[in-house]
Amino acid sequence: MILSFGLPLFLFSVLLRAIIRRYLSRSISHLPGPAPGPWLVGNLPELLRPDNAAEAEFAWTKKYGTAMKIKGAFGVDVLFTADLKAIQYILNTAGYNFPRNPQSIATAKLVLGPGMLFAQGAQHARHRKIMNPAFSYSSLRLFLPIFHNTSEKTVAKWKDAVAQSGGLSTVIDIPSWLARTTLDAIGRAAFDHDFGAIDEHEDELSIVYKNIFADSFFKRSDFAIAFEALWGYIPLWAVPAIRLLPTKQLRRLRRYTKVTHRIAKGIVQAQTESYSSGKECGKDVMSILIRANLSEDPKSKLSRTEVIAQLKTLMIAGQETTASTLSWAFYELSRHPGFQSRVREEIKTTRAQAAQRGNGELTIADLDSMQCLHSVIKETLRYHPITTLLSRVAGREDIIPLSAPQTTKTGEAVTSIPVSKGQRVSISIGAYNRLPSVWGDDADVWRPERFLEGVHAEQQTGLGMIANLATFSSGIRNCIGWRFALLEMQTMLIEFLENFEFSPAPGNPEIIRSAAMVMNPMVKGQPGRAQLPLTITALR
């Protein structure tokens, strides 16, 4: 009886809040934009359920410009932008005045707990201050041998697979192997823990991670999209109860959170006992988290629940994002054999120079000197960003500047957009990363040479963490592990390209860019499963 009255009452309150906000707020209705979809989901299906990730974002930006109005769920007006100055202002200048929107916060709490992705304002600043030393340059140097050794283990497995095929080549599924490799790398480098994912194909964590985003967020129905939007209207204390609902998506997330929470909790318990027994604390992630948990200073303390949430956040962020970006890098190199050979020659030359110095292994300075390798990573981050959208909400009345005048529905050219407190904003990383004004007229082409040719003065944006890219976000909420991820990708690309040549699989299957919260490769005609079959040929 309570549920029968409670649900309609809750839906009515959502509708009432949307109506009140609409009529009391500054309107963005003067902006152009696509035709609104149904009231329940608006234009969200075009963003969240495309055939290829970001195709609506590209089409809208080309047709309407870099700032427009779209419809979100329940008739809510959303400011959609790929404008450089607008993104700079929201992410860099205004910072905490544009927090993540309530739905994103609720999703972070539901899946990961009260970690860095969930934290807002002063709480987020405290988390960042505590965690920053773990990702400093001096700490990263310690990770290089771990990335190298982990990559070598996968190289050995691939060589075994080639040998078992009876020839010099075989076809492997790149994402599944890289997911296990990056999981072991983050485990050893950040947590001093060996997940054993490379050696044990059916380890529990690899199983629960496998296809988690596609299972949970690929091709969502209108009902699922609207249901997720409702999460943003639920009090945060009640969000964990959502997991108890019997939907297919939530059953999958429930299984995932149960396993990851138990494993993260076990790691924290074991490491805490180890440090209590006299193990010396270093500057690695695990040491910093344990010290924060044991601290008595409120400014530097993390609760046990927060520590576990940080582990869960770093495990998925450090594994899935790097594995997906590397998968796309190998996909593009397999289709650009000339540039693949060019990178391989650069690796060979750098190895020879290191040997002349008497160095057996490459240093971070050696890696940073490899411009062709860097251009592959940068262009892949640009062309295949792991996520194409960031969601924010205005925390106060504000005026968002634009870098290019936007023509309104009445023909007026505006150079800024006034917004009210509570205005939803959707930032398109995918569309920004394809702007011809920043990347040139061939922005829709994967061409790493653009980063070897230099960037013109008018193309210097000051956005992002590296090379004008928005893929690692920007400002106070940028990806804390971006240097970690770059070093990991550099090391793994070197190891794999030295030992194998990559080419399309037989039949050259068409690969699509799935939209499932993160952008994973999928084989066209086989939707719902992240996969990228490539032919590897042993070189030595």
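Residues numbered from 1 in each chain as written. Predicted model: local features only at pLDDT ≥ 70, side-chain atom pairs only at ≥ 80, totals over all residues. Heavy atoms only, no water.

1. Overview of the environment of His374
Reasoning step 1: Structurally, His374 is set in helix H17 (residues 371-383).
Reasoning step 2: Here the alpha-carbon distance between His374 and Ala59, two residues 315 residues apart in the chain, equals 29 Å.
Reasoning step 3: Discounting residues that sit within four places of it in the chain, His374 has contacts with Leu367, Asp368 and Gln490. (Helix = DSSP H or I, 4+ residues; strand = E, 2+ residues; numbered from the N terminus. Contact = heavy atoms within 4.5 Å.)

2. A few points about the pairing of strand S1 (residues 67-71)
Reasoning step 1: Of all five residues in S1, five are buried, a share of seventy percent or more.
Reasoning step 2: Here S1 shows a buried face lined by Ala67, Lys69 and Lys71 and a second buried face lined by Met68 and Ile70.
Reasoning step 3: With five bridges connecting them, S1 and strand S2 (residues 77-81) associate as antiparallel partners. For Lys71, the partnering residue across the bridge sits in S2 and is Asp77.
Reasoning step 4: Remark: five residues form the turn of the hairpin made by S1 and S2, two consecutive strands paired antiparallel; Phe74 in that turn has positive phi of roughly 60°. (Buried < 20%, exposed > 50% of the residue type's maximum accessible area, 1.4 Å probe, protein only. Pairing = 2+ DSSP bridges.)

3. A look at the environment of Ala443
Reasoning step 1: Here Ala443 lies in the loop between helix H19 (436-439) and helix H20 (482-499).
Reasoning step 2: Among the residues examined, Ala443 registers a relative accessible area of 2% and is labelled buried.
Reasoning step 3: Ignoring any residue separated from it by four or fewer positions in sequence, one finds Ala443 in contact with Arg382, Tyr383, Arg434, Leu435, Pro436 and Arg450.

4. Describing the pattern of salt bridges
Reasoning step 1: Inspection of every chain in the model, using the stated rule, returns 21 salt bridges.
Reasoning step 2: Its salt-bridge partner being Glu379, residue Arg450 comes within 3.1 Å of it at the nearest N-O pair. Separated by 71 residues along the polypeptide, Arg450 in the loop between H19 and H20 and Glu379 in helix H17 bring together distant segments of the chain. The pair formed by Arg450 and Glu379 is uniform in burial state, with each residue classed as buried.
Reasoning step 3: A salt bridge links Arg447 to Asp442, with the nearest nitrogen and oxygen atoms 2.5 Å apart.
Reasoning step 4: Owing to a relative accessible area of 23%, Arg447 belongs among the partly exposed residues under this scheme.
Reasoning step 5: Each of Glu379, Arg382, Asp442, Arg447, Arg450 and Glu453 takes part in one network of salt bridges that share partners. (Salt bridge = Lys/Arg side-chain N within 4 Å of Asp/Glu carboxyl O.)

5. As for the sheet that holds S1
Reasoning step 1: Read from one edge of the open sheet, four strands run S1-S2-S7-S4, paired in mixed fashion. Looking along the sheet, the strands with just one partner apiece sit at the ends: S1 and strand S4 (389-393). Neighbouring strand axes in the sheet, compared pairwise and without regard to direction, differ in orientation by 30° on average.
Reasoning step 2: Strand direction decides the pairing type here: S4 and strand S7 (residues 424-428), joined by five bridges, are antiparallel. Bridge pairing links Leu389 to Ser428 in S7.
Reasoning step 3: Those strands touched by helix H3 (residues 55-64) are S1, S2, S4 and S7, and its axis lies near 130° from that of S1.
Reasoning step 4: The strands touched by helix H4 (residues 84-93) within the sheet are S2, S4 and S7, with S7 carrying the most contacts at an inclination of about 120°. (Axes fitted to C-alpha atoms, helices over the stretch in contact; angles between N-to-C directions.)

6. Some details on the nonpolar core
Reasoning step 1: If you look at the biggest cluster of nonpolar residues, it comprises 146 residues, and the most contacted ones within it are Phe191, Leu311 and Phe502.
Reasoning step 2: Sorting elements by how many residues they give to this core places helix H14 (residues 304-335) first, with 13 residues.
Reasoning step 3: Not counting the four nearest positions on each side in its chain, Phe191 is found in contact with Ile186, Ile267, Gln271, Val285, Met286, Leu311, Leu314 and Met315.
Reasoning step 4: One finds Leu47, Ala56, Met68 and Ile225 within the second-largest nonpolar core, a separate group that totals 19 residues. (Core = buried A, V, L, I, M, F, W, Y, C linked by side-chain atoms within 4.5 Å.)

7. Things to note about the packing of aromatic side chains
Reasoning step 1: The final tally for this structure, using the stated rule, is 20 aromatic pairs.
Reasoning step 2: Measuring from centroid to centroid gives 6.0 Å for Trp439 and Phe451, while their planes differ by 55°, and the two rings are tilted. Here Trp439, found in helix H19, pairs with Phe451, found in the loop between H19 and H20; they are 12 residues apart in sequence, far enough to count as distant. The pair Trp439 / Phe451 is uniform in exposure class, with both members buried. (Phe/Tyr/Trp six-rings, centres within 6.5 Å; stacked < 30°, edge-to-face > 60°.)

8. Section: the layout of surface pockets
Reasoning step 1: Space inside the second largest pocket adds up to approximately 430 Å³.
Reasoning step 2: Looking at the second largest pocket, it is lined by 23 residues, and the ones nearest its centre are Pro175, Ser176, Ala179, Lys210 and Asn211.
Reasoning step 3: Those elements that provide at least two residues to the lining of the second largest pocket are helix H8 (174-191), helix H9 (204-209), helix H10 (212-217) and H14.
Reasoning step 4: Considering each element in turn, the lining of the second largest pocket owes the most residues, five residues, to H8.
Reasoning step 5: Each residue belonging to the lining of the second largest pocket can be placed in one class, and the counts come to 10 nonpolar, seven polar and six charged. (1 Å grid on protein atoms, 1.4 Å probe; cavity = no way out; pocket = protein on both sides within 12 Å on 5 of 7 lines; lining within 4 Å. Points joined across faces, edges and corners; volume = space filled by probe spheres on them. Nonpolar A, V, L, I, M, F, W, Y, C, P; charged D, E, K, R; others polar.)

9. What to know about the packing of helix H12 (residues 248-276) against helix H13 (residues 285-294)
To describe two helices that pack against each other, one gives the angle between their axes and the distance between the axes.
Reasoning step 1: Where H12 contacts H13, the two axes come as close as 10 Å, and the packing angle between them is 80°. In terms of orientation, H12 and H13 fall into the roughly perpendicular class. Note on element contacts: H13 touches H12 through Met286, Ser287 and Ile290, opposite Ile267, Val268, Gln271, Thr272 and Tyr275.
Reasoning step 2: Of the residues assigned to the contact of H12 with H13, the class counts are five nonpolar, three polar and no charged. (Parallel < 35°, antiparallel > 145°, perpendicular 65-115°, else oblique.)

10. A word on the side chain of Thr471
Reasoning step 1: Relative to the elements of secondary structure, Thr471 occurs in the loop between H19 and H20.
Reasoning step 2: Residue Thr471 is classed as buried on the basis of its relative accessible area of 9%.
Reasoning step 3: A polar side-chain atom of Thr471 sits 3.1 Å from a polar atom in the side chain of Asn433.
Reasoning step 4: Other than its neighbours up to four places away in sequence, Thr471 contacts Leu381, Arg382, Pro385, Ile386, Ile429 and Asn433. (Polar contact = N/O pair within 3.5 Å; in protein donor to acceptor, adjacent residues only side chain to side chain.)

11. Here's the deal with the sheet that holds strand S3 (residues 169-173)
Reasoning step 1: One open sheet holds the three strands; their spatial order is S3-S11-S8, and the pairing between them is antiparallel. Either end of the sheet is taken by a strand with one partner, and the two such strands are S3 and strand S8 (500-504). For this sheet, the mean inter-axis angle between neighbouring strands, taken without regard to orientation, is 35°.
Reasoning step 2: When S8 meets strand S11 (residues 533-538), the two strands line up antiparallel, connected through five bridges. Each residue of the ladder has a partner; that of Ser503, found in S11, is Thr535.
Reasoning step 3: Across the face of the sheet, H14 comes into contact with S8 and S11 while running at roughly 80° to S8.

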